[in-house]
Amino acid sequence: LHLVKAAQIVRRDMFNPSFRFAGNFSLDSQGKSVPQSLKALTQMILEGSSIDDGVDDMSCLPAALSISQLLVFNAVKHIRKQSSTSLPTLRTRHNTAQETPLPLYLSMMLHAETRKRDLVDKLFDLGLCVSYDRVISILSDLANGVCQQFETDHAVCPPHMKSHVFTTAAVDNIDHNPSSTSAHDSFH
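Attention in this report is confined to the structure presented alongside it.

Parameters at a glance
- Residues numbered from 1 in each chain as written.
- Predicted model: local features only at pLDDT ≥ 70, side-chain atom pairs only at ≥ 80, totals over all residues.
- Heavy atoms only, no water.
- Salt bridge = Lys/Arg side-chain N within 4 Å of Asp/Glu carboxyl O.
- Helix = DSSP H or I, 4+ residues; strand = E, 2+ residues; numbered from the N terminus.
- Buried < 20%, exposed > 50% of the residue type's maximum accessible area, 1.4 Å probe, protein only.
- Contact = heavy atoms within 4.5 Å.
- Patch = residues over 30% accessible without salt bridge, like charges linked within 9 Å, V, L, I, M, F, W, Y side chains within 5 Å.
- Areas by Shrake-Rupley, 256 points an atom, 1.4 Å probe, with all protein chains shown as cover.
- Phe/Tyr/Trp six-rings, centres within 6.5 Å; stacked < 30°, edge-to-face > 60°.

1. A few points about the pattern of salt bridges
All chains considered together, the criterion is met by four salt bridges. Arg 134 is paired through a salt bridge with Glu 99; the nearest N and O atoms lie 2.8 Å apart. Taken together, the positions of Arg 134 in helix α7 (residues 132-153) and Glu 99 in the loop between α4 (62-74) and α5 (101-114) put the pair 35 residues apart, joining distant regions of the chain. Its salt-bridge partner being Asp 121, residue Arg 117 comes within 3.4 Å of it at the nearest N-O pair. A residue pair is termed a helical-turn pair when its members lie 3 or 4 positions apart in one helix, as Arg 117 and Asp 121 do in helix α6 (residues 117-125) at four residues. Taking the relative accessible area as the measure of exposure, Arg 117 reaches 39% and is therefore partly exposed. When its relative accessible area of 10% is taken as the criterion, Asp 121 is described as buried. Each of Arg 117, Asp 121 and Asp 133 takes part in salt bridges that share partners, so that together they form one network.

Now the structure itself:
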């Protein structure tokens, strides 16, 4: 009964989303993405219970923070009933409001390093990251945001330039005749 009560308290907190991906990760986005009660419970499970020690973002173990994020990401409000004719491995549908930094970062990092859909989707099936389709959707949204910024500014600038900072730029040759002896292609 105590475990049921504890689970009800933590689950109530888990379904109040406090993190929304806005194109970047702040330094405290991991800690803010999961409720304090879940971090404390996970930390107590990993290290043992200690009522005296409060769990804040600075004292929380990285493993406890990662596990807490995966719990929030994989939590569902209601279990789906599987019929006998359904596939044995039914993919979990994740709510974008419950996406925490860890599964988003893992998917984007894997995609950037390998570009392999199968690898990202295997980890998605294990509940460790978002799906390949979601990664492509995020990347499209980011690219569209940069294009909109270009349309607004009428200039090509990195999207995260800071004002009042000395900035330089360099331009290399653009070969208008790619068949010349020194040209590799138009841009080099």
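2. Observations concerning unusual backbone geometry
Of note in this structure, Arg 115 is not a glycine but carries a positive phi near 60 degrees. Secondary-structure assignment places Arg 115 in the loop between α5 and α6. Judged by relative accessible area, Arg 115 falls into the exposed class, the value being 55%. Here the phi dihedral of His 164 falls at roughly 60 degrees; this positive angle occurs in a residue that is not glycine. With respect to the secondary-structure elements, His 164 resides in the segment after α7. Taking relative accessible area as the criterion, His 164 reaches 83% and is therefore assigned exposed.

3. Here we look at the environment of Pro 103
Considering the arrangement of structural elements, one finds Pro 103 in helix α5. Exposure remark for Pro 103: the relative accessible area of 0% places this residue in the buried category. Note: C-alpha distance between Pro 103 and Cys 129 (26 residues apart in sequence) is 3.7 Å. In this structure Pro 103 touches Phe 73, Leu 128, Cys 129 and Val 130, once residues within four positions along its chain are discounted.

4. Concerning a nonpolar patch on the surface
A contiguous nonpolar patch, built from Phe 25, Tyr 105 and Met 109 and spanning about 270 Å² of accessible area, is present on the exposed surface. Take Phe 25: its relative accessible area is 31%, and that puts it in the partly exposed class.

5. Quick word on the packing of aromatic side chains
Within this structure, the stated rule accounts for two aromatic pairs. Centre to centre, the rings of Phe 21 and Phe 25 are 5.0 Å apart; their planes meet at 45 degrees, and the pair counts as tilted. Consider the rings of Phe 25 and Tyr 105, whose centres lie 6.3 Å apart with planes at 80 degrees: the pair is edge-to-face. On the criterion of sequence distance, the pair formed by Phe 25 in the loop between α1 (2-14) and α2 (29-32) and Tyr 105 in helix α5 is long-range, its members being 80 residues apart.

6. Some words on the side chain of Thr 100
With respect to the element layout, Thr 100 can be found in the loop between α4 and α5. Beyond its immediate stretch of four places on either side in the chain, Thr 100 contacts Phe 19, Ser 33, Val 34, Gln 69, Val 72 and Phe 73.

7. Observations concerning the side chain of Gln 69
With respect to the secondary-structure elements, Gln 69 resides in helix α4. By relative accessible area, Gln 69 is classed as buried at 0%. Setting aside chain neighbours within four positions, we find Gln 69 in contact with Gln 30, Ser 33, Val 34, Thr 100, Pro 101 and Leu 102.

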